[in-house]
Amino acid sequence: MNELNAITPLPREGIGGGVVRAILFDMDGVLFDSMPNHAYAWSHAMTDFGLKMEPEEVYMNEGRTGKGTINILSNRYWGRNATDEECQQIYDAKSTLFNSLPEARPMPGAIDLLYKVRAQGLMRVIVTGSATHALLDRLNAAFPDLFTPELMVTAFDVHHGKPNPEPYLMGLKKANISASEAIVVENAPLGVQAAHAAGIFTIAVNTGPLKDEVLREAGADLVLPSMQYLADNWETLFERLR
Ligand code: MG
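Residues numbered from 1 in each chain as written. Predicted model: local features only at pLDDT ≥ 70, side-chain atom pairs only at ≥ 80, totals over all residues. Heavy atoms only, no water.

Omega for the peptide link from Lys-162 to Pro-163 comes to 15 degrees, which places this bond in the cis form. Topologically, Pro-163 is positioned in the loop between strand E3 (152-153) and helix H8 (166-175). Even without a glycine there, the phi angle at Asp-145 is positive, about 60 degrees. If you trace the backbone, Asp-145 turns up in the loop between helix H7 (135-142) and E3. For Asp-145, a relative accessible area of 63% puts it in the exposed group. Here Asn-176, not a glycine, exhibits a phi torsion of approximately 60 degrees, which is positive. Examined against the element boundaries, Asn-176 turns out to sit in the loop between H8 and strand E4 (182-186). Taking relative accessible area as the criterion, Asn-176 reaches 64% and is therefore assigned exposed. (Helix = DSSP H or I, 4+ residues; strand = E, 2+ residues; numbered from the N terminus. Buried < 20%, exposed > 50% of the residue type's maximum accessible area, 1.4 Å probe, protein only.)

Counting 36 residues, the largest nonpolar core has Phe-25, Leu-31, Phe-143, Ile-203, Met-227 and Leu-230 as its most contacted members. Listed by contribution, the elements that provide at least two residues to this core are strand E1 (22-25), helix H6 (110-119), H7, E4, strand E5 (201-205), strand E6 (222-224), helix H11 (227-232) and helix H12 (234-241). When neighbours within four sequence positions are excluded, Leu-230 is seen to be in contact with Leu-113, Val-185, Ile-203, Val-205, Leu-224 and Leu-237. Core analysis: the next-biggest nonpolar cluster, separate from the first, contains 19 residues, Leu-24, Val-153, Leu-172 and Val-184 among them. (Core = buried A, V, L, I, M, F, W, Y, C linked by side-chain atoms within 4.5 Å. Contact = heavy atoms within 4.5 Å.)

Judged by pairing direction, the sheet is parallel, and its six strands sit side by side in the order E3-E2-E1-E4-E5-E6 without closing on themselves. Two strands bound the open sheet, and with one partner strand each, they are E3 and E6. Sheet analysis places E1 next to strand E2 (residues 123-127), joined by four bridges and oriented parallel. Note on E2: the bridge partner recorded for Ile-23 is Arg-124. The sheet contacts of helix H9 (residues 189-197) involve E4 and E5, and relative to E5 the element is tilted by about 165 degrees. (Pairing = 2+ DSSP bridges. Axes fitted to C-alpha atoms, helices over the stretch in contact; angles between N-to-C directions.)

What follows is the structure, given as structure tokens:
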């Protein structure tokens, strides 16, 4: 419980300390254990084009657009941005590989936490950079009756992806609440940056290989080791954050 003890006195005082009305959830690496598949697909697809991307770098760039990710590597190895055609080829290769992998399972602890949040009468909002039309079907299959299409922000809803705060600001807007009435659950440095920039108290769950410091430096108010840990300690934590 060291992580929880570290948050007294109430850290939310600094951002207004409003009554919490909604929890905003990122999806990949928070609700689904999908990041190992993304890391595998990106690193292998890049290799096919002569670009070396270590799995850890995939985690560091989680949330960036495909094009943005590809250009980081193309600038390093080719000294220039990739052309639109190259971006498309690499992204297609990544997608094909990703789709050939077994479907990611729900993150352990995620459903436990969602049930607790629902029982408290809090809104559950999805804020993802993902751009899949079948997202709601997938969420409903894994987490039945826990999410509604009105409270979802996807890549289709925003102009700027994370680390821009726009996705989280859009989440607040859809829930019709202010930043002080929300808590974000994120796993990625760029996602944490986005949530922090939106002025929302941000819990980082470190479900990948990155060091806790990376998430703290991105602006996380609290870094916890897993979704299961967050679910198991939710009542205690929520009481302190209220
Ligand atoms: Mg994520």
